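# Chain and residue survey
Listed below, chain by chain, are the residues.
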Amino acid sequence: MIELKGLHKSYITGNNKLHVLKGLDLIIEQGELISVMGSSGSGKSTLLNVLGILDSYDEGYYKLNNTLMNNLTEKKAAHYRNNMIGFVFQSFNLISFKNAMENVALPLYYQGVSRKKRNQIALEYLDRMGLKEWADHMPNELSGGQMQRVAIARSMISKPKVILADEPTGALDSTTSLEVMDLFREINSSGITIIIVTHEKDISEKTDRIIYLKDGIIESEFISKN
Amino acid sequence: MFDIDKWQEIFSTIQKNKLRTFLTGFSVAWGIFMLIVLLGSGKGLENGIHSNFDADAANSIWIFPGQTSIPYKGIQPGKYVRFTNEDYERLKREINNLERISSRYDIRGNDLISYKNEYGSFGINTVHPDMEFIENSFPIKGRFINNIDIEKSRKVAVIGDLVEEALFKNGKSPIGEYIKIQGIPFKVVGVYSENSNNDGERRRVYIPISTAQMIFDGGNRVNNIALSVKDMTLDESKQFEEKLKASFAANHNFDKEDDRAIFIRNNQENIKEFQNAFQGIRLFIWVIGIGTIIAGIVGVSNIMIIVVKERTKEIGIRKAIGATPWSIVSSILQESILITSFAGYIGLVLGVALMEIIAKNVPADSMMFKNPEIDMNVAISATILLIISGTFAGYIPARRAAKIKPVVALRDE
Ligand SMILES: Nc1ncnc2c1ncn2[C@@H]1O[C@H](COP(=O)(O)OP(=O)(O)OP(=O)(O)O)[C@@H](O)[C@H]1O
Ligand SMILES: [Mg+2]
């Protein structure tokens, strides 16, 4: 499903070059539920952004579904982001002037699904998140947990192969966090690969496999007790 | 290209970002509005002042005899200059760029004119055929005085449409009827009208000068000569005037520096001066108009840059969920085109409406302001220019924003 080999990534700011990912090797199978842990600045977000084709990498390769994700045209990249990947951000990243339903429906807009149909599908997903009554609320009228569930619904609506979540519970209290994790488990049980970046041990313990990043390489890996 | 769903998406974006929409639209609407008001007012002013000139040919020159004021070759000042047919013939020979010429003899006595039981007093003008073009008195029925009338000294008359109205109350066509001038019947051969503010210009009766001189004891006397020459510059026109004066001075024995011996009214000069003045005003209006448009362009451009900047994060989000760069650029541009077109239209309508209101409220006989016509081509071109520049101004930052990596766009706050 996901295959990384000798993946390198540096940030260049002015004259400084910051080597963040230093030769990552990683294979993730379809249907896995994985968490990525590591200290702050270890490159977790960087890794996830590369996986989500939101950022480029320098060396090595990244294959998604056996396709090399390198030097993609913007159009191709957009296609993969739209069809293969769902992204959940720590800060939700909902569009502020669209209501919950429209936010969830947006990926389908870029697939050319008609307005009526995509709004209907969005409502179904919101229903699954227990947010049907909030469909016509604007993001600023929602709580953090609600916004994150809207964002998760949005990441799911295009039926991606993989959902990437960067600290999805970072802005939530512990009860809400656990609810969100239950949701991810449920989504995962439908066969979607899920990769979650987190700081919190009890979050990572809800996943099947835990990867520790340190200094730009995978330091260790655990299969969770679940 | 016409994708309803895309337009719905754009409409909902516009609806939910009212301030931004208003700002973009306002600079366009204001620019167009100002341009129209400016062009309309300029035109109104020009038309108003132009209406002060009577409807005579713009390049006509009128020569009237006067009284000498400078002694010349032993002749005391105070001598009356008298024009004769010879002056008319001489000018006809001497002026090589002559276009039209007509002399006039003023009939003594009353100017009462009658037709059957109707009568009234009207200006009687004795003329040559060319007067038709010098006065711009074009026949609407029948014909004007012609050369045969002059040669044969026919008793024919061409009357103004207001004369017809006054005398021919029974609705009968005046052509072929006889009107009486000082008791002498003249056959009406034509009715003319003039495009003029001044009713007096349409209350005249033209008769051949030769007939008038013969019947009303004129001999070969001429009271004034009107002529027009082919287009001249202001300088040429002034020189021409000098030459005219010299010619009369030589033939009538007066000092050519004497400015009371004959009088020359040079419409060409007046109109040229007016035109020069208006060229200045027009230029001024254009400079301001172009300035307004440039301000509009700069305004739209700035707003588009800010709009795109403001939307960077949104663009990042859209890209992260699969928007292609083109879909982003095109939706920003379509939004901008929609807003600028609509705003341009509003500006156009408001500007035209204001000019209409002004035009309605200016008194009809105003000598200052009249018919503030707006050149729609200019207004529409200006709107299109603003739309294009708004689009262009939006394109560059939109293109840049759509190209940046989603991570970078998302980090934007
Ligand atoms: N766009 C960037 N330009 C320059 N340096 C960057 C950029 N993004 C991240 N970095 C640096 O790269 C390193 C890795 O950042 P990254 O965001 O991947 O860390 P992380 O593991 O997600 O940390 P955290 O747990 O705090 O989110 C950090 O030192 C960070 O300062
Ligand atoms: Mg991070």
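It should be noted that the structure appears before, not after, this text.
The structure contained in this document is the topic of the report that follows.

Cut-offs used in this document
- Residues numbered from 1 in each chain as written.
- Chains lettered and ligands numbered in written order.
- Predicted model: local features only at pLDDT ≥ 70, side-chain atom pairs only at ≥ 80, totals over all residues.
- Heavy atoms only, no water.
- Helix = DSSP H or I, 4+ residues; strand = E, 2+ residues; numbered from the N terminus.
- Buried < 20%, exposed > 50% of the residue type's maximum accessible area, 1.4 Å probe, protein only.
- Contact = heavy atoms within 4.5 Å.
- Areas by Shrake-Rupley, 256 points an atom, 1.4 Å probe, with all protein chains shown as cover.
- Pairing = 2+ DSSP bridges.
- Axes fitted to C-alpha atoms, helices over the stretch in contact; angles between N-to-C directions.
- Buried area = accessible area lost by both parts, 1.4 Å probe.
- Salt bridge = Lys/Arg side-chain N within 4 Å of Asp/Glu carboxyl O.
- Polar contact = N/O pair within 3.5 Å; in protein donor to acceptor, adjacent residues only side chain to side chain.
- Phe/Tyr/Trp six-rings, centres within 6.5 Å; stacked < 30°, edge-to-face > 60°.
- Lys NZ or Arg CZ within 6 Å of the ring centre and 35° of its normal.
- Near = heavy atom within 4 Å.
- Nonpolar A, V, L, I, M, F, W, Y, C, P; charged D, E, K, R; others polar.

### Let's talk about the overall build of chain B
- Scanning chain B from terminus to terminus reveals 13 helices and 14 strands.
- Within chain B, the fraction of its 413 residues that count as buried is 51%.
- By sequence separation, contacts in chain B at least 24 residues apart represent 78% of the contacts at least 6 residues apart.
- As displayed, chain B offers around 20,200 Å² of accessible surface, 58% of which is attributable to carbon and sulfur atoms.

### Some points on the sheet that holds strand β6 (residues 85–88) of chain A
All names here are of chain A.
- Judged by pairing direction, the sheet is mixed, and its 6 strands sit side by side in the order β6-β7-β8-β3-β9-β10 without closing on themselves. Whereas interior strands pair on both sides, the edge strands pair on one side only; in this sheet they are β6 and β10 (217–223). Strand-to-strand twist of the sheet, defined as the mean angle between neighbouring strand axes without regard to direction, takes the value 20 degrees.
- As judged from the 5 bridges shared by strand β7 (residues 162–166) and strand β8 (residues 193–197), these two strands associate in the parallel manner. By the bridge assignment, Ile163 is partnered in β8 with Ile194.
- Along the sheet, helix α5 (residues 144–156) contacts β6 and β7; its crossing angle with β6, the most-contacted strand, is approximately 170 degrees.

### A few points about the interface of chain B and chain A
- The interface of chain B with chain A comprises 25 residues on the first partner and 26 residues on the second.
- Where chain B abuts chain A, roughly 2,400 Å² becomes buried across the two surfaces, and 57% of that area is made up of carbon and sulfur atoms.
- Taken together, the links from chain B to chain A amount to 2 salt bridges.
- Note that A:Asp55 is salt-bridged to B:Lys405, the shortest N-O span being 2.9 Å.
- Linking chain B with chain A are 8 residue pairs in polar contact (both at pLDDT 80 or more).
- Elements represented by at least two residues in the side of chain B that touches chain A include exactly α1 (4–16), α10 (312–320), α11 (325–361) and α13 (406–411) of chain B.
- In terms of residue count, the dominant contributor to the side of chain B that touches chain A is α1(B) (7 residues).

### A look at the packing of aromatic side chains
- Tallied over the entire structure, the rule returns 11 aromatic pairs over all chains.
- In this structure an aromatic cluster arises from ring pairing among B:Phe22, B:Phe26, B:Trp30 and B:Phe33.
- Here the guanidinium or amino end of A:Lys63 rests over the ring plane of A:Tyr61, the centre of that ring lying 5.1 Å away.

### So, the pattern of salt bridges
Residue and element names in this part refer to chain B.
- Using the criterion set out here, one finds 24 salt bridges over all chains in the structure.
- With a shortest N-O distance of 2.9 Å, Asp149 and Arg154 are connected by a salt bridge.
- Assessed through its relative accessible area of 31%, Arg154 is described here as partly exposed.
- Among the charged side chains, a salt-bridge network with shared partners connects Glu135, Glu194, Glu201 and Arg204.

### Some thoughts on the sheet that holds strand β3 (residues 98–104) of chain B
Residue and element names in this part refer to chain B.
- Taking strand neighbours across the sheet as the criterion, the 4 strands line up as β3-β13-β1-β14 in an open arrangement whose pairing is antiparallel. Both edges of this open sheet fall to β3 and β14 (262–266), since each of them pairs with a single strand only. Neighbour-to-neighbour, the strand axes of the sheet open up by a mean angle of 15 degrees, direction not taken into account.
- Helix α3 (residues 85–94) rests against β1 (60–65), β3 and β13 (224–229) of the sheet, and its axis sits at about 180 degrees to β3.
- Most of the contacts of helix α8 (residues 234–252) go to β14, to which it runs at about 155 degrees, and overall it touches β1, β13 and β14.

### Thoughts on the site of ligand 1
- Inspection of the region around ligand 1 gives 15 residues, with A:Ser40, A:Lys44, A:Ser45, A:Thr46 and B:Arg411 positioned closest.
- Each of chains A and B places residues near ligand 1.
- For ligand 1, an oxygen atom lies 3.3 Å from a polar atom in the backbone of A:Ser42.
- Between A:Ser45 and ligand 1, the recorded distance is 2.7 Å, taken from a side-chain N or O atom to an oxygen atom.
- Isolated, ligand 1 exposes 630 Å² of accessible area, and the fraction of that covered by the protein chains is 69%.
- Listed by contribution, the elements that provide at least two residues to the shell around ligand 1 are β1 (2–13), β2 (16–28) and α1 (44–51) of chain A.
- If one sorts the elements of the shell around ligand 1 by residue count, α1(A) sits on top with 3 residues.
- Along the lines of polarity and charge, the residues of the shell around ligand 1 split into 3 nonpolar, 9 polar and 3 charged.

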